[in-house]
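Each chain, written out:
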Amino acid sequence: MATLYHVVRSTISWPVHNREASLLLAPAVLLLGIFFFVPLSGLLSLSLLDPGPTFAHYQEFLGNPTNWIILARTFALATKVTLICLLLGYPLAYWIVSARTWFAGALLLAVVLPFFTSYLVRTYAWMVLLGRFGVINQLLMATGLTERPVDLIYNQFSVLVAMVYILMPYTVLVLISVMKGIPYSLTRAAASLGASAAQNFWRVFFPLSAPGVIAAGLLVFVFALGFYITPVLLGGPNTMILPMQIDSYVNGTLNWPLAATAATVLLAITLVLYSISNHFVDSERLLSSNQGTAHSAGHTARHSTSTYIQLVDFVTALVRGVGHGIRFPAGIGRSWECLAPGRKLLRGLSLLLVAFLVSPILIIVPISFSSSRFLDFPPPGLSLQWYQAYFTSAAWVSATWESLGVGIAVACLSLAIGSAAAMALVRGSPRMRRIGYQLLLAPMIVPSIVNAVALYFLFARLHLINTSFALVTAHSIGAVPLVVLIVAASLQSQNIRLEYAAASLGASRVVTIWRIVLPLIRPALIVAGFFAFLSSFDEVMLSLYMSGPDTTTLPIKMWSGIREEITPTIAAVSSLLIAFTIVIYAGVAIFRQAGERRAKQVR
């Protein structure tokens, strides 16, 4: 009892003794507390307290064999996507880290380009590629491999391919962040002690990159569990997964308690997996900085290397024993030695993966200039009619302006809230950083379908659906964590002695932040604002539940266009979005480089 009293007392007294951190964290606490944690609590209460305290909804959901089939299908699909992303993404990440600077930059661009491309555009690209008369079927029939179109779409295969395509950049980027934190001196020391290239990789490099493999795998698995848009557009009757079932309860049968129950089950599974990932990988260190990444890698490796090395030694001894017991021709032995490093296989797989990531986007642009009303590739002729159809359509233009307005509002709001929270976390105590990161990053972990349903239940009762307030608020919940990550990483790399020097010369804390801190992190603020705007401009799931006839955004207009009638107008809009993203990204890069040069001059 005394312990509980001290905990409550310290919690209450903390804001009094940490006024600066309290003021900086207050906006983020209010936003996420009211519009994220409260709706999730309402979701849980609806599943347990409607119409009174009861477990009947859970009994109904878990007692239905169909729901268990859907759960199993959801887990199986997420597992397949995760394994494929890791098996293909690890060689590419390893090649990017070990390649020359200019070539590594080209490979990284191929990874980042799909990452910055609209979610709907990427899904639409695979509809064009895998369609019954799509690019792949045309290629198969032209080469004589098949006489009639193959069913490549509206099945589990198309969903699997598109999900791997969408989640692959996350896998590669997380792996790169960890691999770059591995000191090169360790592998060089192993080579100087006589270790072969294979031994150097399996006994030194791979164990140190294990935290990245775990983090990337769990991240992709959690994201795959909450996928909704791709399975709906590319799947068929046999691809019903849990997020689709939740949506059918909300909009189909209008069974809100059962929808809340299914969403709570998905949320519980996600939180369990996230807790497991935290047990193996320190999320705050992994996401904060490269130094933290290296420390986390070494920390995890120290716990798991001994068992792993014993396994590697056992397999090596087994292979050697088999090799000594079986006599191979000398030519085969020399060929095996040449193939042992696996460099040709590594680079071959990586180049195929690069083509896999880039080709869908490149195919969309020519189709947007087609003179045909169908998605023919190559186009039979060139025409600007589909761009004309976009610019002369009041519905398309109105949706574009709505997305721009909401995106700018979200960028400004989340930049102010997220930057303040990042300052409080970076300059706060280790315990506050650990707790703060877990809470502020929660919207990135919770599946978007769960967040959308929870907010929908809240805003529907408040009659706020179909308002700009609902859109801006919902989008800001997902944008604030992005801003926190980017700004916090920049703050950690700044010299805190400059702030101490300003304070010693009589500058107030507000003046120090305004005149010293903000100019130094201006490049990070620009990048964070870009990511916040892009996340809002591309948001589909939350917009489906928050928008209405008066607040139709561009992704919602594209969503309805793709589902009703696939025409090259969607390709024209997709091409414009790709160009828009590239222009903004280039502008942000220029401003960031200029800001970094000014910051170096200040230092």
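Residues numbered from 1 in each chain as written. Predicted model: local features only at pLDDT ≥ 70, side-chain atom pairs only at ≥ 80, totals over all residues. Heavy atoms only, no water.

Break down the overall build of the protein for me, citing the residues and quoting the values.
Per the secondary structure count, the protein includes 29 helices and zero strands. Burial statistics for the protein: of 603 residues in total, 48% are counted as buried. Long-range pairs, those at least 24 residues apart, make up 77% of the contacts in the protein with a sequence separation of at least 6. About 29800 Å² of surface is accessible on the protein, with carbon and sulfur atoms providing 67% of the total. (Helix = DSSP H or I, 4+ residues; strand = E, 2+ residues; numbered from the N terminus. Buried < 20%, exposed > 50% of the residue type's maximum accessible area, 1.4 Å probe, protein only. Contact = heavy atoms within 4.5 Å. Areas by Shrake-Rupley, 256 points an atom, 1.4 Å probe, with all protein chains shown as cover.)

Quick one: what's the story with the packing of helix α6 (residues 119-130) against helix α8 (residues 156-179), residue by residue and with numbers?
In a packed pair of helices, the relevant descriptors are the angle between the two axes and the axis-to-axis distance. Where α6 meets α8, the axes come as close as 10 Å, and the angle between the chain directions of the two elements is 140 degrees. One element, α6, and the other, α8, form an angle in the oblique class. Crossing of α6 over α8 shows right-handed handedness. Here Y119, R122, T123, W126 and L130 of α6 come into contact with α8, specifically with F157, S158, V161, A162, Y165 and I166. (Axes fitted to C-alpha atoms, helices over the stretch in contact; angles between N-to-C directions. Parallel < 35°, antiparallel > 145°, perpendicular 65-115°, else oblique. Left-handed = near helix turned anticlockwise from the far one by under 90°.)

Would you mind going over the side chain of T239 in detail, with residue names and values included?
Relative to the helices and strands, T239 is located in the loop between α11 (229-234) and α12 (242-252). A polar contact of 2.7 Å, which involves the side chain of T239, links it to the backbone oxygen of G236. (Polar contact = N/O pair within 3.5 Å; in protein donor to acceptor, adjacent residues only side chain to side chain.)

Hey, could you go over α8 for me, with residue numbers and the actual values?
Helix length check: α8 (24 residues) gives 33 Å between terminal C-alpha atoms against 34 Å at 1.5 Å per residue, within 8%. At L167, α8 shows its maximal bend, which comes to roughly 40 degrees, and the proline P169 appears one to four places after that position. Of all 24 residues in α8, 19 are buried, a share of seventy percent or more. N-capping of α8 is provided by N155, with a side-chain oxygen placed 3.2 Å from the backbone N of F157. (Expected span 1.5 Å × (residues − 1). Bend = angle between axes of the 7 residues up to and from the residue.)

Any details on the pattern of salt bridges? Residues and values, ideally.
Across all of its chains, the model carries one salt bridge by this definition. Across the pair D151 and R132 runs a salt bridge, and its minimum N-O distance is 3.0 Å. Of this pair, D151 sits in the loop between α7 (135-142) and α8 while R132 sits in the loop between α6 and α7, and the two are 19 residues apart along the sequence. (Salt bridge = Lys/Arg side-chain N within 4 Å of Asp/Glu carboxyl O.)

Any chance you could break down the side chain of H475 for me, citing the residues and the numbers?
You can see H475 is positioned in helix α23 (residues 468-492). Polar side-chain contacts of H475 include one of 2.9 Å to the side chain of S536. Those residues in contact with H475, other than ones at most four positions away along the chain, are V406, V410, S536, E539, L542 and S543.

Explain the environment of A454 to me, and be specific about the residues and the numbers.
Structurally, the position occupied by A454 is in helix α22 (residues 448-461). Taking C-alpha positions, A454 is 5.7 Å from L40, a pair spaced 414 residues apart along the chain. Excluding residues that lie within four positions of it along the chain, A454 makes contacts with P39, L40 and L43.

Give me the lowdown on unusual backbone geometry, citing residues and values where you can.
For the peptide bond that leads from D50 to P51, omega is 0 degrees, which places it in the cis range. Turning to its location among the elements, P51 is positioned in the loop between α2 (19-48) and α3 (56-62). The residue Y154 is not glycine, and still its phi comes out positive at about 60 degrees. Position of Y154 relative to the elements: it lies in the loop between α7 and α8. Residue classification places Y154 among the partly exposed positions, given a relative accessible area of 45%. Even without a glycine there, the phi angle at H463 is positive, about 55 degrees. The residue H463 is located in the loop between α22 and α23 in this model.

Pulling in residues and values, what's your account of the packing of aromatic side chains?
Under the criterion given, the structure shown has 24 aromatic pairs. Centroid distance F35 to F469: 5.9 Å. Interplanar angle 70 degrees. Geometry classified as edge-to-face. Here F35, found in helix α2, pairs with F469, found in helix α23; they are 434 residues apart in sequence, far enough to count as distant. F35 sits in the buried class, given a relative accessible area of 15%. With relative accessibility at 44%, the residue F469 sits in the partly exposed group. (Phe/Tyr/Trp six-rings, centres within 6.5 Å; stacked < 30°, edge-to-face > 60°.)

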